[in-house]
Amino acid sequence: MIGSVRRAPAPAGHRPFIKPLTSSEIKSPWEAKLEKIKQDRDLLTEGRGYSDVFEARLGKKRQVYRIFQGPEYASSDPESEYITGQYSKNEVLKLADPLRKMLRYDPAERIHITDVISHPWVQEELT
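Residues numbered from 1 in each chain as written. Predicted model: local features only at pLDDT ≥ 70, side-chain atom pairs only at ≥ 80, totals over all residues. Heavy atoms only, no water.

**Here's the deal with the confidence of the model for the protein chain**
Residues shown with low pLDDT carry predicted positions that ought not to be read at fine detail. Here the protein chain shows a mean pLDDT of 78. Residues at 70 or above account for 68%. Confidence, read as mean pLDDT per element, is least for strand S1 (residues 62-65) in the protein chain (76) and greatest for helix H4 (residues 113-117) (92). (pLDDT = per-residue confidence, 0-100. Helix = DSSP H or I, 4+ residues; strand = E, 2+ residues; numbered from the N terminus.)

This is the structure in structure tokens:
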């Protein structure tokens, strides 16, 4: 019997235990995906002090290739390819407010450009 596997017979009266699923344990693919999204959200926000994923993503540490930046970012270390940066929590909270207002789905609800320019976060950056 080439290519087949012989298994020892199970002891008499032995039945493998398989726990039957209850109706509450059976999930549709959409329910499983939603659960995964909630777990990912919790991982991003947990212990970081942010109220939602948007703020957590803004506060995440970032790296950019040094080559895409100007000569003022030249490094004495030729091995250093990246510039690493991260907004402080205070900056994230200030920046999230105008961004949320600019990214509203309904254009009528979006913030006007004059309001953007007069926003405290923009004013701090301009001074």
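Having seen the model, we can carry on.
**Re helix H1 (residues 29-45)**
With 17 residues, H1 extends 24 Å from end C-alpha to end C-alpha; this agrees with the ideal 24 Å at 1.5 Å per step. Backbone geometry just after H1 places Gly47 at a positive phi near 75 degrees. (Expected span 1.5 Å × (residues − 1).)

**Here we look at the pattern of salt bridges**
Under the definition given, this model contains six salt bridges. When the shortest N-O distance is used, the salt bridge between Lys36 and Asp40 registers 2.9 Å. On the criterion of helical spacing, the pair formed by Lys36 and Asp40 is a turn pair, its members being four residues apart in helix H1. Take Lys36: its relative accessible area is 42%, and that puts it in the partly exposed class. The class for Asp40 is partly exposed, based on a relative accessible area of 32%. (Salt bridge = Lys/Arg side-chain N within 4 Å of Asp/Glu carboxyl O. Buried < 20%, exposed > 50% of the residue type's maximum accessible area, 1.4 Å probe, protein only.)

**A word on the environment of Gln86**
Looking at the secondary structure, you find Gln86 in the loop between strand S2 (82-85) and helix H3 (89-102). Each C-alpha atom of the pair Gln86 and Arg62 lies 6.1 Å from the other, and the pair is 24 residues apart in sequence. With sequence-adjacent residues up to four places away left out, Gln86 is seen in contact with Gly59, Lys60 and Lys61. Engagement of the side chain of Gln86 in a polar contact is seen with the backbone oxygen of Gly59, the distance being 2.8 Å. (Contact = heavy atoms within 4.5 Å. Polar contact = N/O pair within 3.5 Å; in protein donor to acceptor, adjacent residues only side chain to side chain.)

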